[in-house]
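Working through the structure, step by step
So the chains spell out like this:
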Amino acid sequence: IEKFVVRFLKRFGDPKNYPALKVIDYGNELEYALDRQEGGGHHEITDPNSQVTQPVKLADLLAYMRAVHAAVKQHAPHLALTGGFSSVNYAERLWPHLKGLVDYIDAHWYPKWGPRKEWLVRAKAVADRLGLPMALAEYPSISQEFDEVLEEADQLRLIASLYWNHAASTDNETAHA
């Protein structure tokens, strides 16, 4: 935390010098580092280049998040904290641990996880129970349903809707969605 997070915050956390920095993300889809027994999806990692060779314990992940949270609140308290969570299968088990550590749920959705609207309704219900706003912050940009996604986001009162990338072939996940 001291070697990177604190140095980063001291360098870029001043809103007068870096007004575009608004959010710190703990990490992308950290639930995939967790063991299945602890509500995670480590067993679903199929990338042969993944550096997560062993599951991380939930207690260790939460300790990391608490340390980052403390550093941000000390050095750049104006910044929001979140993480990219694709917890389609893990939302009910993992997200309750995030209360007090994130300012909003940064949810991800891909077609392989089932119908978007059903997933959004379920995920938003979990976020609402926790009293946290939710953004749909990662979904395929090649979708022909872009207007529908924005409409669903508005209907569910999401705080943002951001597609994953602009070019359809940028990554395999989006290129094949």
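Refer to the structure printed above.
Residues numbered from 1 in each chain as written. Predicted model: local features only at pLDDT ≥ 70, side-chain atom pairs only at ≥ 80, totals over all residues. Heavy atoms only, no water.

With that settled, the discussion passes to the overall build of the protein. For the protein, the helix and strand inventory stands at six helices and five strands. Reading the secondary structure of the protein in the N-to-C direction produces α-β-α-β-α-β-α-β-α-β-α. The buried share of the protein, reckoned over its 177 residues, is 43%. Taking as baseline every contact in the protein between residues at least 6 positions apart, the subset at least 24 positions apart corresponds to 64%. With an accessible surface of roughly 10000 Å², the protein has 53% of that area assigned to carbon and sulfur atoms. (Helix = DSSP H or I, 4+ residues; strand = E, 2+ residues; numbered from the N terminus. Buried < 20%, exposed > 50% of the residue type's maximum accessible area, 1.4 Å probe, protein only. Contact = heavy atoms within 4.5 Å. Areas by Shrake-Rupley, 256 points an atom, 1.4 Å probe, with all protein chains shown as cover.)

Geometry of an aromatic ring pair is reported as the spacing of the ring centres plus the angle between the planes. Tallied over the full model, the rule gives four aromatic pairs. Geometrically, the ring pair formed by phenylalanine 12 and tyrosine 18 is edge-to-face, given 5.0 Å between the ring centres and 70° between the ring planes. Owing to a relative accessible area of 30%, phenylalanine 12 belongs among the partly exposed residues under this scheme. By relative accessible area, which is 28% here, tyrosine 18 ends up partly exposed. (Phe/Tyr/Trp six-rings, centres within 6.5 Å; stacked < 30°, edge-to-face > 60°.)

So, on to the nonpolar core. By size, the foremost hydrophobic cluster in this structure holds 43 residues, and its most contacted members are Leu9, Tyr26, Met65, Trp95, Ile105, Met134 and Leu136. Going through the elements one at a time, helix 1 (2–12), strand 1 (23–28), helix 2 (58–75), strand 2 (80–85), strand 3 (105–108), helix 4 (116–130), strand 4 (134–138) and helix 5 (146–155) are the ones with two or more residues in this core. Broken down by element, this core gets its largest block of residues, seven residues, from helix 2. Setting aside residues up to four positions removed in sequence, leucine 136 forms contacts with Ala107, His108, Trp109, Trp119, Leu120, Val149, Leu158, Ala160, Ser161 and Leu162. (Core = buried A, V, L, I, M, F, W, Y, C linked by side-chain atoms within 4.5 Å.)

This part takes up the pairing of strand 3. The alternating pattern of strand 3 places Ile105 and Ala107 and Asp106 and His108 on opposite faces, both of which are buried. Bridge count for strand 2 against strand 3 is two bridges, and the pairing is parallel. Its bridge partner being in strand 3, phenylalanine 85 is matched across the sheet by alanine 107. Both strand 3 and strand 4 contribute to a ladder of four bridges, which runs parallel. Counterpart to alanine 107 in the pairing with strand 4 is leucine 136. (Pairing = 2+ DSSP bridges.)

All right, on to the packing of helix 1 against helix 2 then. The N-to-C vectors of helix 1 and helix 2 enclose an angle of 20°; their axes lie 10 Å apart at closest approach. Classified by the angle their axes make, helix 1 and helix 2 are roughly parallel. Helix 2 is crossed by helix 1, and the crossing has right-handed handedness. Within the contact between the two elements, helix 1 uses Val5, Val6, Leu9 and Lys10 and helix 2 uses Val68, Ala71, Val72 and His75. (Axes fitted to C-alpha atoms, helices over the stretch in contact; angles between N-to-C directions. Parallel < 35°, antiparallel > 145°, perpendicular 65-115°, else oblique. Left-handed = near helix turned anticlockwise from the far one by under 90°.)

Our next topic: helix 5. Within helix 5, burial applies to Val149, Glu152 and Ala153. The arc that holds the buried residues of helix 5, viewed along the axis, is 100°, so those residues lie on one side. Opposite the buried face of helix 5, by more than 90 degrees, sit the exposed residues Asp147 and Asp154. On its buried face, helix 5 is in contact with helix 4, strand 4 and strand 5 (160–161). Two residues or fewer after helix 5 comes arginine 157, characterised by a positive phi angle close to 60°. (Arc of directions from axis to C-beta.)

So, on to the packing of helix 4 against helix 5. For the pair helix 4 and helix 5, the least separation of the axes is 11 Å and the interaxial angle reads 25°. In terms of orientation, helix 4 lies roughly parallel with respect to helix 5. For the element pair helix 4 and helix 5, the recorded crossing hand is right-handed. On the side of helix 4, the interface is formed by Arg116, Lys117 and Leu120, while helix 5 contributes Glu148, Val149, Glu152 and Gln155.

With six of six residues buried, strand 2 lies mostly within the body of the structure. By the alternation rule, side chains of strand 2 split into Ala80, Thr82 and Gly84 and Leu81, Gly83 and Phe85, which are all buried. Where strand 1 lies against strand 2, four bridges are found, and the strand directions are parallel. Following the sheet pairing, isoleucine 24 is matched in strand 2 by leucine 81.

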